Structure formats: structure tokens, C-alpha cells
Amino acid sequence: MIPMVDLKVQYHALKDEIDGGILTALENTQFILGPNVTALEQETAAYLGVKHAIACASGTDALHLALAAAGVGPGDEVITTPFTFIATAEAICDVGATPVFVDIDPKSFNIDPACIEAAITPRTKAVLPVHLFGQPADLRAIAEICTRRGLLLLEDCAQSFGASIDGVMTGAWGLFGCFSFFPSKNLGCYGDGGLITTNDDAMAEQVKMLRNHGSKVRYHHDVIGYNSRLDELQAVILRVKLKHMDAFTAGRRRVAHLYSTLLAGSVLTPPCEDGIGLHVYHQYTTLTARRDAVMEALSKAQIASAIYYPIPLHQQNVFSADCAGLRLPVTEDVAARCLSLPVFPEMTDDQVRQVVEVVKSVC
Ligand SMILES: *Cc1c(COP(=O)(O)O)cnc(C)c1O
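Residues numbered from 1 in each chain as written. Predicted model: local features only at pLDDT ≥ 70, side-chain atom pairs only at ≥ 80, totals over all residues. Heavy atoms only, no water.

Q: Can you explain the overall build of the protein? Please cite residues and give values.
A: Along the protein, the regular secondary structure elements total 12 helices and 13 strands. Taking 2.2 N^0.38 as the reference for a compact globule, 363 residues should give roughly 21 Å; the C-alpha atoms of the protein span a radius of gyration of 20 Å, in line with that estimate. Dimensions of the protein along its principal axes, counting C-alpha atoms only, are 65 × 55 × 35 Å. Out of the 363 residues in the protein, the part that is buried amounts to 53%. For the protein, long-range pairs separated by at least 24 residues make up 70% of all intrachain contacts whose partners lie at least 6 apart in sequence. Of the roughly 15000 Å² of accessible surface on the protein, 54% is carried by carbon and sulfur atoms. Averaged over its 28 positive side-chain charges, the protein has a centre that lies 2 Å from the centre of its 40 negative ones. (Helix = DSSP H or I, 4+ residues; strand = E, 2+ residues; numbered from the N terminus. Rg over C-alpha atoms; globule rule 2.2 N^0.38 Å. Buried < 20%, exposed > 50% of the residue type's maximum accessible area, 1.4 Å probe, protein only. Contact = heavy atoms within 4.5 Å. Areas by Shrake-Rupley, 256 points an atom, 1.4 Å probe, with all protein chains shown as cover. Lys, Arg positive; Asp, Glu negative; His and termini not counted. Charge placed at Lys NZ, Arg CZ, Asp CG, Glu CD.)

What follows is the structure, given as C-alpha cells:
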């Protein structure tokens, strides 16, 4: 059996450290915004090369709090990709703004900067690219557009912890970077968690207030906020894992590169590293005209595979009124042919060979 991601091998490798840290935190009893949350915020800020990192309850909340702090709200349009998890657009709607979906690049699967430019209207307030599957979106081009057209840049980094362009991490380019610590993400905890990064002191203060009931000083409330804090036990787990982050990324890249070598000549077209930045392979996503056949063969061999994402957001029921008649041909083509294979840092070369052998049995 080969799962999409094996969280158990990783836990067993780190068990002593994680269990010990949790027991200490249980004895400390500072469960909300305790010392491990503060330490995690400092350590992730240092790792990501940003001035501020603020932990919160989920990646979805990270997006929501960042958009709210940036002042995005009713009447505003936010340009984003339709080829992503629903949370990206959900957060835009939750602050009362409207997501505007534009097409993607066929090679990287990331938002196409030329399409962003064409979709700007007087109501456009922000651009929200997603670094899909761990490959950085073209932030140089996108940041240039945002600066020239006076738009805010917020990054959805839920899948890209550790990805970078010219040594500058994703999450350090925009006004905000929004990360998820969902268990299967490149840096994941054992529950829900999220992180917001920014280099702007005032925005950092605003986000800290919003995540904690609009309060800077206890029982003094300046704005209507939320209860969106990362809990202390999750912070303990994340601090242990953060120390191994470079090795995790190296493991994912080793697996991906072995797949791409071995899959040559098969019915799966390997993902393209477009050279814009360092791909951290949250997912290893191929294209194929034989998707059903490959999935069936893998399933028979007890090997997982998955479609990320089968229905682009502009074709979801929830957006059917807003997006009626909207055609995004590249996105629709990719959604019809994409297939993701198992990838996780601890996956062995032998496991990769097993997957490829089954794929190659399909012609
Ligand atoms: C996982 C994910 C999110 C949401 O993160 P949660 O922690 O599950 O709320 C947002 N955007 C993308 C692209 C994701 O993959």
C-alpha cells in the first residue's frame, strides 16, 4: 500500500521529540498563545526571511485575516486563479469581496500574469496568486503589475512552505503571505493551523488584533475581530518539524526528480519546473489522456492517486451565477487531464519505482 502522503513514518521518525514537547507543554498549561506559539512565530519568520509571522487557526483563516487587515471588502474585486482549493476564493467572499478568476499557465498550472493584466477594472483591489503544488507563481511579473497598477499583492502559500524565487521565500513578496499547517501540507501539524507573514509593522499589529477578538490589551477591544489562534500543542509539533524542513523539501524533490526520469515514455507527462523558482512539490501532478485507466491500475495495485482539482472554481455550483458563460480553456483542459501521484519526504526510491512500474503497464 502506498498512500498519497504517509504521516505515520514521519511521526515515528520524530516521535521522541514530539511526544516530549507535548508532555512539557501539558505541564506548563499555557494553552492559548503560550511560549511555543511565540517561539514558532519567531522561528518561522527567520526561516521565511520576513519581519513578522503571526500564527492563526487555519490556512483559510490566514487568507481571511490578511484580506480583512488589508482592507479588502464589499465592492472590491480580487483577481485569483480558478485552479486551486476552494479556500482561496472562499476567503475573498468571506470579507465581502468578489473573486475574479483568470486563466492559468499550461506548464506551471499557476495564474497567468498576462491574464491578470487583462482582468483589471476600476474595482480591482488585490491580486491573490496561489503557489500551486509548491511551485512559485511568477511573482516578479505579478509584483510588477501590482506596483504599476496600484494593487495589493497577497500570496496563498498554503502549498509552498520553503519554495523561493532567487532565494526569496514565497510569503515574503506580497503585503501578506498566507500559509496552512493542515496535516498533509509541506509543514503540517496534527490538526488545523495557519500562519500569516508580512514585512509591514502596522499590518502585523492589525492581524494580531483580528485573530484575538480585536484586542491588543486584554479586555480592551478596538475592532470586531475573530477567535483564530494556533494552539500551543500544534506549535510544539510545528517547531519540531520546522527543524527538519530543508530535509523534507530535499526528500520531496528527490522523489519528484526520480519520477520525472522514470516516467519518460509513459502515458503521464511529468510536471514542468518552469525555472521561475524552487518547486517544493507539495504535489507531483502530471497530465494524461489516460487518467481513468491509470487510476484504476494504481488502485488495483493498492497505490493511491488523486485529482487536484477535478472542477475548477469558476465551474463550481457556488459560483454558477457569478461565472455563467465564463470560459477558461487552459484551466478546463488541465482539470480534465491532471493526475497527482504519491509524494512525501520519506517515500523511498523503491516505492517510486513501484508506482512507475504500474503506470507503465498502461499504454
Ligand atoms: C490547504 C489550502 C488552503 C486552506 O488551508 P486550511 O488550513 O485547510 O484552511 C488554502 N489554499 C490552498 C491553495 C490550500 O491548498
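The rest of the description comes next.
Q: Summarise the packing of helix α3 (residues 59-69) against helix α4 (residues 87-94); cite the residues concerned and give the values.
A: For the pair α3 and α4, interaxial distance at closest approach is 9 Å and the crossing angle is 35 degrees. When the axes of α3 and α4 are compared, the crossing they make is right-handed. The segment α3 lies against α4, with Thr60, Leu63, His64 and Leu67 engaging Ala87, Thr88, Glu90, Ala91, Ile92 and Asp94. In the contact of α3 with α4, the residues fall into 5 nonpolar, 3 polar and 2 charged. (Axes fitted to C-alpha atoms, helices over the stretch in contact; angles between N-to-C directions. Left-handed = near helix turned anticlockwise from the far one by under 90°. Nonpolar A, V, L, I, M, F, W, Y, C, P; charged D, E, K, R; others polar.)

Q: I'd like a rundown of the site of the ligand, residues and numbers included.
A: Lining the immediate environment of the ligand, one finds 15 residues, of which Gly59, Thr60, Gln159, Ser180 and Lys185 sit closest. Between the ligand and the protein, one listed contact pairs an oxygen atom with a backbone N or O atom of Gly59 at 2.8 Å. Within the side chain of Gln159, a nitrogen or oxygen atom sits 2.8 Å from an oxygen atom of the ligand. Isolated, the ligand exposes 380 Å² of accessible area, and the fraction of that covered by the protein chains is 92%. (Near = heavy atom within 4 Å. Polar contact = N/O pair within 3.5 Å; in protein donor to acceptor, adjacent residues only side chain to side chain.)

Q: Pulling in residues and values, what's your account of helix α7 (residues 201-211)?
A: Residues Met203, Ala204, Val207, Met209, Leu210 and Arg211 constitute the buried set of α7. Its buried side turned inward, α7 meets α2 (35-48), β1 (52-56), α3, β8 (176-180), β9 (194-198) and β10 (215-217). Measuring from the side-chain oxygen of the N-cap residue of α7 to the backbone nitrogen of Ala202 gives 3.0 Å; that N-cap residue is Asp200. His213 sits one or two positions beyond α7 and adopts a positive phi of about 60 degrees.

Q: Account for unusual backbone geometry, with residues named and values stated.
A: Among all residues except glycine, the phi angle is most often negative; among peptide bonds, the trans geometry is most common. A cis amide bond links Tyr308 to the next residue, Tyr309, at an omega of 5 degrees. Looking at the element boundaries, Tyr309 is found in the loop between α10 (291-300) and α11 (329-337). One non-glycine residue, Thr29, adopts positive backbone phi at about 60 degrees. Along the chain, Thr29 turns up in the loop between α1 (7-28) and α2. In this structure, His213 is a non-glycine residue whose phi angle is positive, near 60 degrees. Checked against the element boundaries, His213 lands in the loop between α7 and β10.

Q: Describe in detail the sheet that holds strand β2 (residues 77-80), supporting the description with residues and values.
A: Spatial ordering of the open sheet is given by β1-β9-β8-β5-β4-β2-β3, a layout of 7 strands whose pairing is mixed. Bordering the open sheet on either side are β1 and β3 (98-101), each of which pairs with just one other strand. For this sheet, the mean inter-axis angle between neighbouring strands, taken without regard to orientation, is 25 degrees. Bridging between β8 and β9 involves 4 bridges; their strand directions are antiparallel. By the bridge assignment, Ser180 is partnered in β9 with Gly194. Contacts from α3 reach β1, β4 (124-128), β5 (152-156), β8 and β9, with the element oriented near 160 degrees to β8. (Pairing = 2+ DSSP bridges.)

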